[in-house]
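# Topology and contacts: notes
Chain residues, written in single-letter form:
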Amino acid sequence: MLQAQNGCLDLPDGRVDYIRFGSGAKSLVMLPGVGDGLKTVKGMALPFALLYRSLAKDFTVYVFSRRRELSAGMTTRDMAEELNCALEALGLRSAAVVGVSQGGMIAQWLAIDHPDKVEKLVLTVTLCRANAVIRDVIARWIAMAERGDYKGIMLDTAERSYSEKRLKQTRLEYRLLGSVGKPKSFERFLIQARSCVTHDTYELLPRIGCPTLVIGGREDKIVTGEASMEIAERIPGSELVLYDGLGHGLYEEAPDFLQRVAEFCR
């Protein structure tokens, strides 16, 4: 049922790693956050398929990375254009699109610039314009990346993403993860991180006409829960779900997250 496959597309501007799993009639596209700048989804088809196996029956799921080599100064809008090229290369005329964090920023642009590609839109722990909290967080991560502190990025991300209950279980795990998997270069991460603070769809969000679900956490220490509320206010007819006691990692912590997404996207 999982039918997990790793793939790579040769687009005009470079190679894009993606994975595919599931056997459902409906297409669902997932876009990960800025951590994609440290490691693409290359070779991750089976782990993703197992993690999100509850989606495999109803959907054929695609998870796209940004291209391997990014150009300096790329914006989230540029990344959405490349995603559109990837969708066309695979013959995906339209799909439900689920964007998490920076992936949600890219998904907003896709829905604005290529509305025919987005049947339904799920924007999770993301924002439509930078606020003081994300500026501070991104500045910290950029400083860590510039000095090659991979472990620092991993630990800071965990501390800002999870509830204290989850952190008690995962702090050791993230310390270990911070000791392995360090990228050869942080340039790709730096480009993606900088694009987060220049992202701004605030004025254009009312153009989004597809059914939209906005999911946020009231305790989000990276983009804030208020950012999700702002998006929902700007997209006509959108639905807002805010989790009490959870933050940026709610898509891992909330037991009903995948069920909500699946029911909405069906």
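Residues numbered from 1 in each chain as written. Predicted model: local features only at pLDDT ≥ 70, side-chain atom pairs only at ≥ 80, totals over all residues. Heavy atoms only, no water.

### Focus on the nonpolar core
Which entries qualify depends on this criterion: Only buried residues count toward a nonpolar core, which is a set of Ala, Val, Leu, Ile, Met, Phe, Trp, Tyr and Cys residues joined through side-chain atoms within 4.5 Å. The rule is simple: take the accessible area with a 1.4 Å probe, protein chains only, and divide by the maximum for that residue type; under 20% is buried, over 50% is exposed, in between is partly exposed. The numbering of helices and of strands both runs from the N terminus, where a helix is a DSSP run of H or I of at least 4 residues and a strand a run of E of at least 2. The contact criterion used throughout is that any non-hydrogen atoms of two residues lie within 4.5 Å.
Counting residues in hydrophobic clusters, the biggest one holds 37 residues, and the most contacted among them are Val-29, Leu-31, Phe-64, Val-97, Leu-121 and Ile-208. The greatest single-element share of this core, amounting to six residues, is contributed by helix H3 (residues 102-113). When residues no more than four places from it in sequence are discounted, the contact partners of Ile-208 are Gln-108, Ala-111, Ile-112, Leu-121, Ile-235 and Pro-236. Val-41, Val-100, Ile-215 and Leu-258 belong to the second largest nonpolar core, which has 33 residues in total.

### Let's talk about the packing of aromatic side chains
What counts here: Two rings from Phe, Tyr or Trp (for Trp, the six-membered ring) form a pair when their centres are within 6.5 Å of each other. A pair whose planes differ by under 30 degrees is stacked, one over 60 is edge-to-face, and the rest are tilted. Should the NZ of a Lys or the CZ of an Arg lie within 6 Å of a ring centre and within 35 degrees of the ring normal, that charge is described as sitting over the ring.
Counted by the stated rule, this structure contains three aromatic pairs. Judged by centre distance (6.3 Å) and plane angle (10°), the ring pair of Tyr-62 and Phe-64 falls under stacked. For the pair Tyr-62 and Phe-64, a shared accessibility class is recorded, and that class is buried. Taking the ring centre of Phe-264 as reference, the NZ or CZ of Lys-120 above it sits at 5.4 Å.

### With respect to the pairing of strand S7 (residues 212-217)
Quick reminder of the rule: Here, strands pair whenever DSSP counts at least two bridges between them.
Burial within S7 is extensive, with six of its six residues counted as buried. Burial along S7 is two-sided: the residues Thr-212, Val-214 and Gly-216 and Leu-213, Ile-215 and Gly-217 are all buried. Bridge count for strand S6 (residues 118-124) against S7 is four bridges, and the pairing is parallel. Bridge assignment links Thr-124 to a residue of S7, and that residue is Ile-215. Inspection of the sheet shows S7 paired to strand S8 (residues 239-243) by five bridges, in the parallel sense. Bridged to Val-214 within S8 is Leu-240.

### Quick notes on the sheet that holds S6
To be explicit about the condition: Structural elements are reduced to axes, namely lines fitted to C-alpha atoms, with helices fitted over the stretch in contact, and the angle between N-to-C directions of any two is expressed from 0 to 180 degrees.
Read from one edge of the open sheet, eight strands run S1-S2-S4-S3-S5-S6-S7-S8, paired in mixed fashion. Across the chains shown, the open sheet's two edge strands, defined by having one partner strand only, are strand S1 (5-11) and S8. Between one strand and the next, the sheet's axes are offset by a mean angle of 20°, whatever the strand orientation. Two strands pair when backbone bridges link them, and strand S2 (residues 14-21) and strand S4 (residues 59-64) are joined in this way by four bridges, in the antiparallel orientation.

### Some remarks on the pairing of S1
Sheet topology places S1 next to S2; seven bridges connect them, and they run antiparallel. Following the sheet pairing, Asp-10 is matched in S2 by Arg-15. Hairpin connection of S1 to S2: two residues between the antiparallel strands.

Functional significance is not addressed by these values, which are geometric in nature.
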